[in-house]
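Here are the chains, one letter per residue:
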Amino acid sequence: MAIKASAIVATLTVLLGTGGLSPVWAGEADVVAARLSLQGDGRYTAEVTVRHADTGWDHYADLWEVLSPNGDLLGARTLHHPHVEEQPFTRSLRDLEIPVGIDRVIVRARDSEHGFGGAELTIDVPR
């Protein structure tokens, strides 16, 4: 019996999309959403959603950070434990100072095995 490659791809797509299969390895950490909101004192709160196939303490998303367009670090949130059962997950960082004149920031995430390299987002700074 011959099975068409398209049928195999369609089946795998359905299984992966419904959680029927999960990858056996975790790639890089991806930022899938990010938002800045202005606090009353001129500082910002960042809310960042990260997706990573955490496998446990040996391989998990362990940090996300906010950078200026030229790469200066503006703030970072350390992630102190794996989120194996919570994917994607959102965490916030308060009291972020973004200098006047910076209209956009870059948000990226890191994992404990690969470092940085997953999907990043560039978002506008509300004023």
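Above this text sits the structure in question.
A. Up close: the pairing of strand 1 (residues 30–38). Looking at chain direction, strand 1 and strand 2 (residues 44–51) are connected through eight bridges and run antiparallel. In the sheet register, L38 faces strand 2, and the bridge partner there is Y44. Linkage of strand 1 to strand 2, two consecutive antiparallel strands, is achieved through a turn of five residues, within which G42 is found at a positive phi near 90°.

B. Just the sheet that holds strand 1, in detail. If you walk across this open sheet you meet the three strands as 1-2-5, and the pairing is antiparallel. Each edge of the sheet is formed by a strand with only one pairing partner; in this case those strands are strand 1 and strand 5 (89–96). Taken pair by pair, the neighbouring strands of this sheet meet at an average axis angle of 20°, ignoring direction. Here strand 2 runs beside strand 5; their pairing, made up of six bridges, is antiparallel. Directly across from T49, in strand 5, lies its bridge partner T90.

C. Up close: unusual backbone geometry. Of note, the amide linkage connecting Q87 to P88 takes the cis form, showing an omega dihedral of -15°. You will see that D95, though not glycine, has its phi angle at about 60°, which is positive. Overall, D95 belongs to the partly exposed group, its relative accessible area being 40%.

D. Local environment of the packing of aromatic side chains. If you walk through the whole model with that rule in mind, you get one aromatic pair. Judged by centre distance (5.7 Å) and plane angle (80°), the ring pair of W57 and Y60 falls under edge-to-face. A cation over a ring is seen here: R108 above F116, with NZ or CZ 3.7 Å from the ring centre.

E. Layout of the side chain of T45. Here T45 is to be found in strand 2. Reaching out from T45, the side chain makes a polar contact with the side chain of Q39 at a distance of 2.8 Å. The contacts of T45, once residues within four sequence positions are left out, are R35, L36, S37, Q39, S92, L93 and R94.

F. Geometry of the nonpolar core. L36, V50, W64, V66, L96, I98 and V105 are the most contacted members of the largest nonpolar core, which totals 22 residues. Sorting the residues of this core by element identifies strand 1, strand 2, strand 3 (61–67), strand 5 and strand 6 (104–111) as the ones contributing at least two each. If near-sequence neighbours (up to four positions away) are discounted, V105 is found in contact with L36, V66, L67, L74, I98, L121, T122, I123 and V125.

G. Inspection of the environment of V31 at higher detail. The residue V31 is located in strand 1 in this model. We classify V31 as buried; its relative accessible area is 3%. Along the sequence, V31 and F89 sit 58 residues apart, while their C-alpha atoms lie 9.9 Å from each other. Contact partners of V31, with chain neighbours within four places excluded, come to V48, T49, V107, R108, A109, A119 and L121.

About the cut-offs
- Residues numbered from 1 in each chain as written.
- Predicted model: local features only at pLDDT ≥ 70, side-chain atom pairs only at ≥ 80, totals over all residues.
- Heavy atoms only, no water.
- Pairing = 2+ DSSP bridges.
- Helix = DSSP H or I, 4+ residues; strand = E, 2+ residues; numbered from the N terminus.
- Axes fitted to C-alpha atoms, helices over the stretch in contact; angles between N-to-C directions.
- Buried < 20%, exposed > 50% of the residue type's maximum accessible area, 1.4 Å probe, protein only.
- Phe/Tyr/Trp six-rings, centres within 6.5 Å; stacked < 30°, edge-to-face > 60°.
- Lys NZ or Arg CZ within 6 Å of the ring centre and 35° of its normal.
- Polar contact = N/O pair within 3.5 Å; in protein donor to acceptor, adjacent residues only side chain to side chain.
- Contact = heavy atoms within 4.5 Å.
- Core = buried A, V, L, I, M, F, W, Y, C linked by side-chain atoms within 4.5 Å.

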